[in-house]
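Here are the chains, one letter per residue:
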Amino acid sequence: MNYSFLRPILRPARMALLIGTLALAACSQGGLNGDDVGAGASGIGSGGAGDPTSPAYFNSVVGDRVLFAVDQSTISSSAQVVLAGQAQWLLANPEFTALIEGHADEQGTREYNLALGARRAASVREYLVSQGVPDSRLRTISYGKERPLQICSNEACYSQNRRSVTVISAGAGV
Amino acid sequence: MLTRRTFIHSTSMLAASSALPGYAFAQTPPLRLEITEGVIEPLPFALPTFIAEGGAGDVASDVSRVISADLRGTGLFRQIPQDAYISQVTNFSAPVSYPDWQAINAQALITGAVEQRADGQLVVRFRLFDVFSQAPMGEGLQFVGPADSWRRMAHTVADQVYSRITGEGGYFDTRVAFIAEEGPKNARLKRLAIMDYDGANVQYLTDSRSLVLAPRFSPLGDQILYTSYESGFPQVYLMDVATVQRRPLEAIPGGNMTFSPRFAPDGQTVVLSLEDGGNTDIYSLDLATGTRTRLTQAPSIETGPSFSPEGDRIVFESDRSGNQQIYIMSSSGGEARRISQGTGRYGTPVWSPRGDYIAFTKQEAGRFHIGVMRIDGSEERLLTSSFLDEGPTWAPNGRVIMFTRETPGDDGAPAVYSVDISGRNLQRVATPGMASDPAWSPLQR
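Residues numbered from 1 in each chain as written. Chains lettered and ligands numbered in written order. Predicted model: local features only at pLDDT ≥ 70, side-chain atom pairs only at ≥ 80, totals over all residues. Heavy atoms only, no water.

As for the nonpolar core
Residues and elements named next belong to chain B.
In step 1: Core analysis: the biggest nonpolar cluster contains 48 residues, and Phe50, Ile67, Leu71, Phe77 and Ile165 have the highest contact counts within it.
In step 2: Here this core takes eight residues from helix α3 (residues 150-166), the largest share from any one element.
In step 3: Lining this core are residues from two domains, each supplying at least three of them: domain 1 (9-166) and domain 2 (175-440).
In step 4: When residues no more than four places from it in sequence are discounted, the contact partners of leucine 71 are Phe45, Phe77, Ile110, Ala158, Val161, Tyr162 and Phe172. (Core = buried A, V, L, I, M, F, W, Y, C linked by side-chain atoms within 4.5 Å. Buried < 20%, exposed > 50% of the residue type's maximum accessible area, 1.4 Å probe, protein only. Helix = DSSP H or I, 4+ residues; strand = E, 2+ residues; numbered from the N terminus. Domains from an automatic or database assignment. Contact = heavy atoms within 4.5 Å.)

Listed below in structure tokens is the structure:
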């Protein structure tokens, strides 16, 4: 496979738009899952999404999540782009660690989906390690189908729920 | 407190002999309800409100009501309304006037008395009569227990009646562990809870701070295995039901997830799934020594293990063929044989306590089903169909299954349902709110 490194380029106008979107998304969730409790989602000032060394920047500009096909844990080519960016950010910000959450949609039995979520999280972890991120800075957890991001019962929501989310937190390697 | 262990003593009483021995009516075949075949016309029974003694008026009515509800809830019995009764039963020892019960076509007659003793103990007595054979069915029994155990005593009477008429074991004096849910679909709060099989006496065993999943009873019903995120990562816990004391089953290093636990019939061994680097396999754990043994070694997902009643084999699910299917292996691991043969995905296999069937969840063409199959995979029978049915658990007599049914959409909510193994008598089980992942206890003792 050919992994390309894409360094995100800051464009002030685009950033403003992203911050607005992020705030909206945070309002609509209100959940316990890592989708919105990732460190520092405020997005304003130092430590906000305008600061390339902030988790908020990671979440909104680099992209904290990738999506998966039904019952699959393969990293798609578009996911590879996002994960390459995640790896690059992690390498540039060694004071942070990451918890990779694996999730599944509701079309599956509970325990199988736990295992499937673990598979997805592990795929992401392997990819980040292949990009040079020390394994000791990464941990994984599966939520199976327990923490859907979208709650409708059709593919529009399911496709958003079959995801991994890389949750950044402060602290050097494990 | 959660301790609810009660001591119910049963002593056999001489059944009042009211039929004339050797009389021509003895030619009538004895009452027997076969519950495994075809559609059944519910068997009509008469149940005069149990006689109250020693000021047990309300309890006598309550006991009678619970017995009737147990029997009617099976879908196999119907109660003849009390206003149709010709005989009034005012004395527990008086002879039964069979013609009065034959006249209203009662096939079975249940009489009883409830006595409130001065020492606080409650005594429940009952007799069962085969009306058309004009004979008692078995001996009269009495149960003695603390007054607050009246429900258990009522369930025990109903188990006796059910058992004597069907020839099957009862399942009313049982409990169900389940997950009580609240809150919106994307921020569900879950608590481990336990209740009587009929939804009475709900108790919460954990708070809602940690996500909890999929409880399973020990063979004696005194312990529950479940999966909790209490430590931050999914891990199997063992809880003592009476004391609500809990502990992680095993200290798993490195954030490896453990889940999908189940007891062996000996109560000393637990099987579970352990995930390592994204790969899930099945392990057994000796509770006394802490020795862990790996039972499967495959790059696929192996989960949902469930022991045969003899403990010699384990049924489990694996996607080694490309999607979820059901396999059986020795309880020591080794080669596994696939038993699911139809189209679609098969998961959550659970071996019947009688040993004759495997219950499962089947997923096909966007629908979910609860089904049963023989242990060689033959005679597959789907019992239910919905947007999302999953996670069967067996009644101790192997004739009834509870499972989770979840409705679709933004306000989708799970509830517990029961169905018998012929697919009849689908019912929602009473729970205080949203509920999932039922686990049926063995008969209490």
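A closer look at the interface of chain B and chain A
Accessible area lost when the parts come together is the quantity often used to give the size of an interface.
In step 1: Taken together, the 43 residues of chain B in the interface contact 36 residues of chain A.
In step 2: When chain B packs against chain A, close to 3,100 Å² is buried across both sides, 55% of that on carbon and sulfur atoms.
In step 3: For the pair chain B and chain A, the interface holds six salt bridges.
In step 4: The salt bridge partner of B:Glu390 is A:Lys145, with a shortest N-O separation of 2.5 Å.
In step 5: Our count for the chain B to chain A interface comes out at 16 residue pairs in polar contact (both at pLDDT 80 or more).
In step 6: Elements with a minimum of two residues in the side of chain B that touches chain A: β10 (189-196), β12 (212-217), β16 (258-263), β20 (302-307), β24 (345-351), β25 (357-364) and β32 (434-440) of chain B.
In step 7: Here the residues of the side of chain B that touches chain A are counted per class, giving 17 nonpolar, 15 polar and eleven charged. (Buried area = accessible area lost by both parts, 1.4 Å probe. Salt bridge = Lys/Arg side-chain N within 4 Å of Asp/Glu carboxyl O. Polar contact = N/O pair within 3.5 Å; in protein donor to acceptor, adjacent residues only side chain to side chain. Nonpolar A, V, L, I, M, F, W, Y, C, P; charged D, E, K, R; others polar.)

Some remarks on the packing of aromatic side chains
Residues and elements named next belong to chain B.
In step 1: This model, assessed by the stated rule, comprises 19 aromatic pairs over all chains.
In step 2: Here phenylalanine 45 and phenylalanine 77 contribute two aromatic rings whose centre-to-centre distance is 6.4 Å and whose plane-to-plane angle is 75°, an arrangement assigned as edge-to-face. With phenylalanine 45 in strand β2 (residues 43-46) and phenylalanine 77 in strand β4 (residues 77-79), the pair connects residues that are 32 residues apart, well separated along the chain. Exposure class is identical for phenylalanine 45 and phenylalanine 77. Each is buried.
In step 3: Between tyrosine 171 and phenylalanine 172, the aromatic rings sit 4.7 Å apart at their centres with planes inclined by 45°, giving tilted as the arrangement. Neither residue differs from the other here; tyrosine 171 and phenylalanine 172 are each classed as buried. (Phe/Tyr/Trp six-rings, centres within 6.5 Å; stacked < 30°, edge-to-face > 60°.)

A few points about the sheet that holds β24(B)
Residues and elements named next belong to chain B.
In step 1: An order of β24-β25-β26-β27 is seen for the four strands of this open sheet, with the pairing classed as antiparallel. Among the strands making up the open sheet, the edge pair consists of β24 and β27 (381-382).
In step 2: With eight bridges connecting them, β25 and strand β26 (residues 367-374) associate as antiparallel partners. When the sheet's bridge partners are listed, glutamate 364 is paired in β26 with arginine 367. (Pairing = 2+ DSSP bridges.)

Brief notes about the packing of helix α3 (residues 55-63) of chain A against helix α4 (residues 77-92) of chain A
Residues and elements named next belong to chain A.
In step 1: Interaxial distance between α3 and α4 falls to 10 Å at its minimum, and their mutual angle equals 155°. The pairing of α3 with α4 is recorded here as roughly antiparallel in orientation. Relative to α4, the crossing made by α3 is right-handed. When α3 is examined against α4, the residues Pro55, Tyr57, Phe58, Val62 and Gly63 are found in contact with a partner set consisting of Val82, Gly85, Gln86 and Trp89. (Axes fitted to C-alpha atoms, helices over the stretch in contact; angles between N-to-C directions. Parallel < 35°, antiparallel > 145°, perpendicular 65-115°, else oblique. Left-handed = near helix turned anticlockwise from the far one by under 90°.)

As for the pairing of strand β2 (residues 96-103) of chain A
Residue and element names in this part refer to chain A.
In step 1: With respect to burial, β2 is a largely interior element, eight of its eight residues being buried.
In step 2: Going residue by residue along β2, you find Phe96, Ala98, Ile100 and Gly102 tucked away on one face and Thr97, Leu99, Glu101 and His103 tucked away on the opposite face as well.
In step 3: As paired elements, β2 and strand β4 (residues 163-170) share seven bridges and run antiparallel to each other. Within β4, the residue paired with phenylalanine 96 across the bridge is alanine 170.
In step 4: As defined by bridge partners, β2 adjoins strand β3 (residues 138-144) across six bridges and the pair is classed as parallel.

Digging into the environment of A:Gly108
In step 1: Tracing the backbone through its elements, the reader meets A:Gly108 in the loop between β2 and α5 (110-130).
In step 2: For A:Gly108, a relative accessible area of 0% corresponds to the buried category.
In step 3: Here A:Gly108 is in contact with A:Asn113, A:Lys145, B:Gln363, B:Phe368 and B:Glu390, once residues within four sequence places are set aside.

Brief notes about the pairing of strand β8 (residues 140-146) of chain B
Residue and element names in this part refer to chain B.
In step 1: The buried count for β8 comes to six of seven residues, which makes it a mostly enclosed element.
In step 2: Of the strand pairs in this sheet, strand β6 (residues 121-130) and β8 are connected by six bridges, and their pairing is antiparallel. Paired with arginine 125 across the two strands is glutamine 142, which belongs to β8.

Here we look at the sheet that holds strand β13 (residues 223-228) of chain B
All names here are of chain B.
In step 1: With respect to topology, four strands assemble into an open sheet ordered β12-β13-β14-β15, the strand pairing being antiparallel. Across the chains shown, the open sheet's two edge strands, defined by having one partner strand only, are β12 and β15 (246-248). The average undirected angle you get between the axes of adjacent strands in this sheet is 25°.
In step 2: The pairing of strand β14 (residues 235-240) with β15 spans three bridges and is classified as antiparallel. Residue pairing across strands places methionine 239 opposite arginine 246, the latter belonging to β15.

Quick notes on α3(A)
In step 1: The element α3(A) is extensively covered by neighbouring structure, given that nine of its nine residues are classed as buried.
In step 2: Looking only at α3(A), the buried set comprises A:Pro55, A:Ala56, A:Tyr57, A:Phe58, A:Asn59, A:Ser60, A:Val61, A:Val62 and A:Gly63.

Observations regarding the confidence of the model for chain A
In step 1: Residues with a pLDDT of 70 or more make up 72% of chain A, whose mean pLDDT is 80.
In step 2: In the model, residues 1-45 of chain A has pLDDT below 50 throughout and makes 71 contacts with residues more than four positions away in sequence or in other chains. (pLDDT = per-residue confidence, 0-100.)

Quick look at the environment of B:Ala395
Residue and element names in this part refer to chain B.
In step 1: Assignment of secondary structure puts alanine 395 in the loop between β28 (389-394) and β29 (400-406).
In step 2: Separated by 221 residues in sequence, alanine 395 and threonine 174 have C-alpha atoms that sit 8.5 Å apart.
In step 3: Once residues within four sequence positions are removed from consideration, alanine 395 is found in contact with Tyr171, Pro353, Val400 and Trp440.

A word on the pattern of salt bridges
In step 1: As enumerated under the stated definition, the model contains 33 salt bridges over all chains in all.
In step 2: A:Glu155 serves as the salt-bridge partner of A:Arg162, at 2.6 Å between the closest nitrogen and oxygen.
In step 3: Among the residues examined, A:Glu155 registers a relative accessible area of 41% and is labelled partly exposed.
In step 4: One network of salt bridges, with partners in common, ties together A:Arg110, A:Glu146, B:Glu181, B:Arg188, B:Lys190 and B:Asp437.

A word on the state of the cysteines
A covalent bond between the sulfur atoms of two cysteines is referred to as a disulfide.
Residue and element names in this part refer to chain A.
In step 1: With the rule as written, the count across this model stands at one disulfide over all chains.
In step 2: The disulfide partner of cysteine 152 is cysteine 157, and the S-S distance across this bridge is 1.9 Å. Disulfide cysteine 152-cysteine 157: the torsion about the S-S bond is 120°, which places it as right-handed. In this pair, the class of cysteine 152 matches that of cysteine 157, namely buried. (Disulfide = S-S within 2.5 Å.)

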